[in-house]
Amino acid sequence: MAGTLDLFEHQPEPPQPLAEGAWLLRGFVLDDAEQLLTDLQQVAARAPFRHQVTPGGYSMSAAMTSCGDLGWVTDRHGYRYSPTDPLDDQPWPALPESFKQLAARAAERAGYPGFAPQSCLINRYETGARMALHQDKDEQDLFAPIVSVSLGAPISFMFGGPTRSHQPVRWKIEHGDVLVWGGPSRLFFHGVAPLGKRADHPLTGSVRYNLTFRKVR
Ligand code: SIN
Ligand code: FE2
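Note that the structure is a prediction, hence the values are computed from the model and not measured.

Definitions and limits used
- Residues numbered from 1 in each chain as written.
- Chains lettered and ligands numbered in written order.
- Predicted model: local features only at pLDDT ≥ 70, side-chain atom pairs only at ≥ 80, totals over all residues.
- Heavy atoms only, no water.
- Near = heavy atom within 4 Å.
- Polar contact = N/O pair within 3.5 Å; in protein donor to acceptor, adjacent residues only side chain to side chain.
- Areas by Shrake-Rupley, 256 points an atom, 1.4 Å probe, with all protein chains shown as cover.
- Helix = DSSP H or I, 4+ residues; strand = E, 2+ residues; numbered from the N terminus.
- Nonpolar A, V, L, I, M, F, W, Y, C, P; charged D, E, K, R; others polar.
- Buried < 20%, exposed > 50% of the residue type's maximum accessible area, 1.4 Å probe, protein only.
- Pairing = 2+ DSSP bridges.
- Axes fitted to C-alpha atoms, helices over the stretch in contact; angles between N-to-C directions.
- Contact = heavy atoms within 4.5 Å.

### As for the site of ligand 1
Okay, so step 1: Neighbouring ligand 1 are Asn123, Tyr125, His134, Phe157, His190, Val192, Arg208, Asn210 and Arg214.
Okay, so step 2: Between an oxygen atom of ligand 1 and a side-chain N or O atom of His134, the distance comes to 3.1 Å.
Okay, so step 3: One of the side-chain N or O atoms of Arg208 is found 2.8 Å from an oxygen atom in ligand 1.
Okay, so step 4: Burial of ligand 1 by the surrounding chains reaches 98%, relative to a free accessible area of 260 Å².
Okay, so step 5: Listing elements by their share of the shell around ligand 1, those giving two or more residues are strand S8 (119-125), strand S14 (190-192) and strand S15 (208-214).
Okay, so step 6: Of the residues forming the shell around ligand 1, the biggest block, three residues, is contributed by S15.
Okay, so step 7: Broken down by class, the residue content of the shell around ligand 1 amounts to three nonpolar, four polar and two charged.

Spelled out as structure tokens, the structure:
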């Protein structure tokens, strides 16, 4: 029965529900992770990671860049989507084919067929970097889901509810995991706890990357 174990190892885990319309797809991109990381580095070579400033004047601890038709930017004037990178006023790098395919596949697996994102925000977390609880609400299209892909070091993801007062549940999210939330949970609060000192992954060392795909308009 030597082959039986192999078979089991490659069985994808069933999607795990986090809330109505929200799913955790454990290990969904494990087979594509190296390609995604290579493509990510190519995006970053053209549109480098930077620490953006919030309208309140705080520098964000996660470094960010974007690809696709639109990129998410923040500065003293507010949060918005921009067709160009404010660092050089050039269009953002195109969405790599690997990104597009994976985003559509993950959305479909979570019950959202036909997902065609216009934007991918790439976050880079180093030790101690975090993302406070927030809603993704700068998009005009609140029908399409958010697809969130984790690569590299593990982190504690907080998934809350429709208001800030909902106590968020913490999920340990690892390399290759994908979260998809839409429909009734599209505007649910979420964030990540500070990346731990000992967090580590063979492909990225102490760094965690997160790709969030959005349909903006
Ligand atoms: C985000 O909500 O923009 C990022 C969340 C994450 O890094 O997992
Ligand atoms: Fe978010």
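Having seen the model, we can carry on.
### Some remarks on the pairing of S8
Okay, so step 1: Extensive coverage of S8 is indicated by the burial of six of its seven residues.
Okay, so step 2: Sheet topology note: the strand S3 (residues 63-68)/S8 ladder contains six bridges and is antiparallel. From the neighbouring strand, Thr65 faces S8, where its bridge partner is Ile122.
Okay, so step 3: Pairing of S8 with S15, which is carried by seven bridges, proceeds in the antiparallel orientation. Counterpart to Ser119 in the pairing with S15 is Arg214.

### Some thoughts on the sheet that holds S3
Okay, so step 1: Strands sit in the order S1-S2-S13-S10-S15-S8-S3 across an open sheet of seven strands; the sheet is antiparallel. One side of each edge strand has no neighbouring strand; the edge strands of this open sheet are strand S1 (16-19) and S3. Each strand of the sheet is rotated relative to its neighbour by a mean of 20°, with strand direction disregarded.
Okay, so step 2: As defined by bridge partners, S1 adjoins strand S2 (residues 22-25) across three bridges and the pair is classed as antiparallel. By the bridge assignment for S2, Gln16 is matched with Leu24.
Okay, so step 3: On the sheet, helix H2 (residues 33-46) packs against S3, S8, strand S10 (146-152) and S15 and is oriented at approximately 95° with respect to S10.

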